[in-house]
Amino acid sequence: MALIKCKECKKEISDKAPACPHCGYEKKDFAQSLDEAGKSMMGCGCGLTLFITIPILIVLMGGC
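These figures come from a predicted structure and were not determined experimentally.

Engineer: Would you mind going over the overall build of the protein chain with me for this structure?
Structural biologist: Broken down by element type, the protein chain carries one helix and two strands. Sequence-ordered secondary structure for the protein chain, helices as α and strands as β, is β-β-α. Every one of the 64 residues in the protein chain was classed for burial, and the buried ones make up 12%. Total accessible area on the protein chain stands at roughly 5300 Å², and carbon and sulfur atoms take up 67% of it.

Structure representation (structure tokens):
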């Protein structure tokens, strides 16, 4: 069991609870918003990392 913060009241709740016992916020809404946030963050991370890493590797290898 892990503790997560409720999106609505910011209190810690179990990740297994279907809703926040403090304010009643349904966890499925919370989980869905977390999933959407994760997808939006993943979209730029990999491309940006490759965009920066490849030129650095080329310079370190001597500009093949």
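Next comes the rest of the description.
Engineer: Sorry, what's going on with the environment of Glu 12 here?
Structural biologist: Within the secondary structure, Glu 12 sits in strand β2 (residues 12-14). Separated by ten residues in sequence, Glu 12 and His 22 place their C-alpha atoms 9.2 Å apart. Setting aside residues up to four positions removed in sequence, Glu 12 forms contacts with Leu 3, Ile 4, Lys 5 and His 22.

Engineer: Explain the confidence of the model for the protein chain here, please?
Structural biologist: Where the model shows low pLDDT, its predicted coordinates should not be examined in detail. Looking at the protein chain, pLDDT values average 75 and 66% of them are 70 or higher. Looking across the protein chain, the model is least confident in helix α1 (residues 27-60), with a mean pLDDT of 66, and most confident in β2, with 90.

Engineer: Please explain the side chain of Ser 14 as it appears in this structure.
Structural biologist: Relative to the helices and strands, Ser 14 is located in strand β2. Among the polar contacts made by the side chain of Ser 14, one reaches the main-chain amide nitrogen of Lys 16 at a distance of 3.0 Å.

Engineer: Is there a simple way to explain the state of the cysteines in this structure?
Structural biologist: In protein structure, a disulfide is the covalent linkage between the sulfur atoms of two cysteines. Counted by the stated rule, this structure contains zero disulfides. This cysteine, Cys 23, is not joined by any disulfide, and Cys 6 carries the nearest cysteine sulfur, 3.7 Å off.

Analysis parameters
- Residues numbered from 1 in each chain as written.
- Predicted model: local features only at pLDDT ≥ 70, side-chain atom pairs only at ≥ 80, totals over all residues.
- Heavy atoms only, no water.
- Helix = DSSP H or I, 4+ residues; strand = E, 2+ residues; numbered from the N terminus.
- Buried < 20%, exposed > 50% of the residue type's maximum accessible area, 1.4 Å probe, protein only.
- Areas by Shrake-Rupley, 256 points an atom, 1.4 Å probe, with all protein chains shown as cover.
- Contact = heavy atoms within 4.5 Å.
- pLDDT = per-residue confidence, 0-100.
- Polar contact = N/O pair within 3.5 Å; in protein donor to acceptor, adjacent residues only side chain to side chain.
- Disulfide = S-S within 2.5 Å.

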